[in-house]
Amino acid sequence: MNNPPFFSFVIPAYKLQYLSETLDSILGQTCSEFELIVVNDKSPEDIKGLVDAYSDPRIAYYENEQNMGRADLVASWNHALSYAKGEYVVLASDDDVYSADFLEQAKALISLHPECNLIRGRVAKTMPTGEPYEEECAFEPILTQERFSFYLLRHGYKCAANYIYKRTVLNERGGLVNFPCAWYTDTATPLMMADKGALCLPNVSFFFRSSDIQLSANYTIQVLQQKLSAIEQYQSWAERYFAQLQDTLLVQNARSLTRKDICHMLTDHMQYVPLRNIKMWKKFIYGNPTLYKYEKAMAVVGRLLHHFKR
């Protein structure tokens with residue numbers, strides 16, 4: 001490829017189960033001005049064998065010397081993005097799927113608003129089999145940073161792989177915003193990149209697969225601890241960021257999202273971490289002052305403590 005491509009898809013690959021579906025959806029794009037970079041994050045599965053079977057000149061394959069994602073997921077993502085050469089870059093996942101016109105829709109909007117650094121694909125959630133079961137509302141095609149922030153915090157599904165970033169601007173700003181477990185990285189990074197406005201694809205173009213092999217499906221006390229830390233870090237980041245925009249409404253939206261997510265996380269983990277392990281839960285609750293800042297979260301904690309007294 002003599003000239004740099006217009007788009008770069010970058011996949012930090014670890015899971016093999018759905019990877020072929022992801023590759024097929026990317027290689028089947030109606031817009032052909034892209035490269036596809038696959039970075040094997042020291043997977044125990046045969047990622048290379050699958051990629052080699054495609055024999056497509058648009059694919060570039062790399063391997064990490066060690067599993068970077070286990071130590072720092074966002075750092076591993078930023079490392080994978082460093083291989084990209086395109087003007088715009090997509091951090092693709094190894095289990096989700098794109099519509100055939102994902103790039104075509106994006107390029108049409110970019111031609112109208114080349115000043116924007118951020119393009120967002122409209123999301124549909126799918127079953128593990130790939131069958132869609134829920135789609136988000138359509139955003140307006142062009143949004144100011146303030147309106148995009150409001151839409152995203154109130155109505156948008158939280159994903160990472162449905163975004164297209166202007167690569168040089170993302171690099172200048174330090175890459176994807178790094179929080180533990182990549183929790184809120186897919187919120188903070190788009191907010192940061194929307195300062196020149198956000199372009200939003202009108203049609204569903206990204207299919208987010210719900211399955212038990214995702215990072216978000218890891219329900220241990222250790223992961224819950226990391227997610228709470230990420231929430232605290234994101235809250236501080238959001239308050240600083242929106243304060244400099246002098247937008248108190250967005251600060252309130254960020255706080256509301258934080259309260260909601262803490263409640264959801266506690267409720268989800270209650271289903272998977274045995275409640276009978278009273279000492280573990282008590283140690284977790286009393287050792288996390290973050291929980292006491294949010295009244296609704298305390299209602300969930302109250303249910304836990306009531307269970308302990310039975």
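Above this text sits the structure in question.
From a predicted model like this one, the values you see are computed outputs, not experimental measurements.

> Explain unusual backbone geometry here, please?
Among all residues except glycine, the phi angle is most often negative; among peptide bonds, the trans geometry is most common. For Lys 42, which is not glycine, the phi dihedral falls at a positive 50°. Tracing the sequence through the fold places Lys 42 in the loop between strand 2 (34-40) and helix 2 (47-52). The backbone of Ala 182 shows a phi angle near 60°, a positive value even though the residue is not glycine. Inspection of the secondary structure assignment puts Ala 182 in the loop between helix 7 (167-172) and helix 8 (185-193).

> For this particular structure, what's the right way to read helix 5 (residues 102-112)?
Counting along an α-helix, one turn takes 3.6 residues, and residues three or four places apart therefore face a common direction. By the burial criterion, the buried members of helix 5 are Phe 102, Leu 103, Gln 105, Ala 106, Leu 109 and Ile 110. On an axial view of helix 5, the arc spanned by its buried residues comes to 160°, and they lie on one face. Of the exposed residues in helix 5, the ones pointing more than 90 degrees away from its buried face are Ser 111 and Leu 112.

> How should the pairing of strand 6 (residues 118-126) be read in this particular structure?
Note on strand geometry: in a regular strand, side chains alternate between the two faces of the sheet. Across the nine residues of strand 6, eight count as buried, placing the element largely inside the fold. Note that strand 6 and strand 9 (residues 163-166) share three bridges and pair antiparallel. Counted as the bridge partner of Leu 118 is Tyr 165 from strand 9. Examined bridge by bridge, strand 6 and strand 10 (residues 198-209) share eight bridges and lie parallel to one another. For Ile 119, the partnering residue across the bridge sits in strand 10 and is Leu 199. Note: strand 6 against strand 7 (residues 132-135), three bridges, orientation antiparallel. Looking at strand 7, one finds that Lys 125 is bridged to Glu 134.

> Can you walk me through the pattern of salt bridges in this structure?
One side chain can pair with another of opposite charge once the charged atoms of both are near each other. By the definition in use, this model includes 10 salt bridges. Among the salt bridges present, the one from Glu 134 reaches Lys 125, with a minimum N-O distance of 3.8 Å. Given the relative accessible area of 36%, Glu 134 is considered partly exposed. For Lys 125, a relative accessible area of 23% translates into the label partly exposed.

> Even after reading the chapter, I still don't get the environment of Asn 64, so can you show me in this structure?
Mapped onto the elements of the fold, Asn 64 is located in the loop between strand 3 (59-63) and helix 3 (68-71). Asn 64 gets classed as buried once you look at its relative accessible area, which sits at 7%. Placed 24 residues apart in sequence, Asn 64 and Asn 40 show a C-alpha to C-alpha distance of 6.1 Å. Filtering out sequence-adjacent residues up to four positions away, Asn 64 remains in contact with Val 39, Asn 40, Asp 41, Lys 42 and His 79.

The rules behind these values
Residues numbered from 1 in each chain as written. Predicted model: local features only at pLDDT ≥ 70, side-chain atom pairs only at ≥ 80, totals over all residues. Heavy atoms only, no water. Helix = DSSP H or I, 4+ residues; strand = E, 2+ residues; numbered from the N terminus. Buried < 20%, exposed > 50% of the residue type's maximum accessible area, 1.4 Å probe, protein only. Arc of directions from axis to C-beta. Pairing = 2+ DSSP bridges. Salt bridge = Lys/Arg side-chain N within 4 Å of Asp/Glu carboxyl O. Contact = heavy atoms within 4.5 Å.

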